[in-house]
Amino acid sequence: MDSPVSADDNGVNMKPELMEKETLYHCIFKNKAILVFKDSQEMLNCYEIEEESLVNEIKKCQSNEELEKIFEDYMKDRNINN
């Protein structure tokens, strides 16, 4: 199965038709983490993370659950309220 979000030498590739609503997808492009999700109104939301330590943690992710835990821990460690 094709991944809804991927990266190659030409940039980030997104296939919204393969995305589930409210599910976070990610890829790494030029040492940046690219996060994408389709909201309940089918709008794409994209974020770019450059913080090296956070990008390195994201690179290790094997599942969406791991990715969400990284952000939960990051927010908790920095007292960030969502």
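Our subject is the structure listed above.
The rules behind these values
Residues numbered from 1 in each chain as written. Predicted model: local features only at pLDDT ≥ 70, side-chain atom pairs only at ≥ 80, totals over all residues. Heavy atoms only, no water. Pairing = 2+ DSSP bridges. Helix = DSSP H or I, 4+ residues; strand = E, 2+ residues; numbered from the N terminus. Axes fitted to C-alpha atoms, helices over the stretch in contact; angles between N-to-C directions. Contact = heavy atoms within 4.5 Å. Salt bridge = Lys/Arg side-chain N within 4 Å of Asp/Glu carboxyl O. Buried < 20%, exposed > 50% of the residue type's maximum accessible area, 1.4 Å probe, protein only. Patch = residues over 30% accessible without salt bridge, like charges linked within 9 Å, V, L, I, M, F, W, Y side chains within 5 Å. Areas by Shrake-Rupley, 256 points an atom, 1.4 Å probe, with all protein chains shown as cover. Lys, Arg positive; Asp, Glu negative; His and termini not counted. Charge placed at Lys NZ, Arg CZ, Asp CG, Glu CD.

Draft legend 1. Expanded view of the sheet that holds strand β5 (residues 44-49). Ordered by their spatial adjacency, three strands build an open sheet running β3-β4-β5, and the pairing between neighbours is antiparallel. The strands lining the two open edges of the sheet, one partner per strand, are β3 (25-29) and β5. On average, adjacent strands in this sheet sit at an angle of 20 degrees to one another, irrespective of strand direction. Relative to β3, helix α1 (residues 52-59) is tilted by about 115 degrees, and along the sheet it contacts β3, β4 (32-38) and β5.

Draft legend 2. Structural context of the pattern of salt bridges. The full count for this structure, using the stated rule, is seven salt bridges. Among the ionic pairs, K21 bridges to E42, the shortest N-O distance being 3.3 Å. Of this pair, K21 sits in the loop between β2 (11-14) and β3 while E42 sits in the loop between β4 and β5, and the two are 21 residues apart along the sequence. Measuring nitrogen to oxygen at the nearest pair gives 3.9 Å for the salt bridge that ties R78 to E51. Note that R78 is positioned in the segment after α2 (64-77) and E51 in the loop between β5 and α1, a separation of 27 residues in sequence. Here E51 falls in the partly exposed class, since its relative accessible area comes to 33%. Taken together, the shared-partner salt bridges in this structure form one network comprising K21, K38 and E42.

Draft legend 3. Broad picture of a negative patch on the surface. On the surface, E65, E66, E68 and E72 cluster together to form a negatively charged patch. Mapped onto the secondary structure, E66 falls in helix α2.

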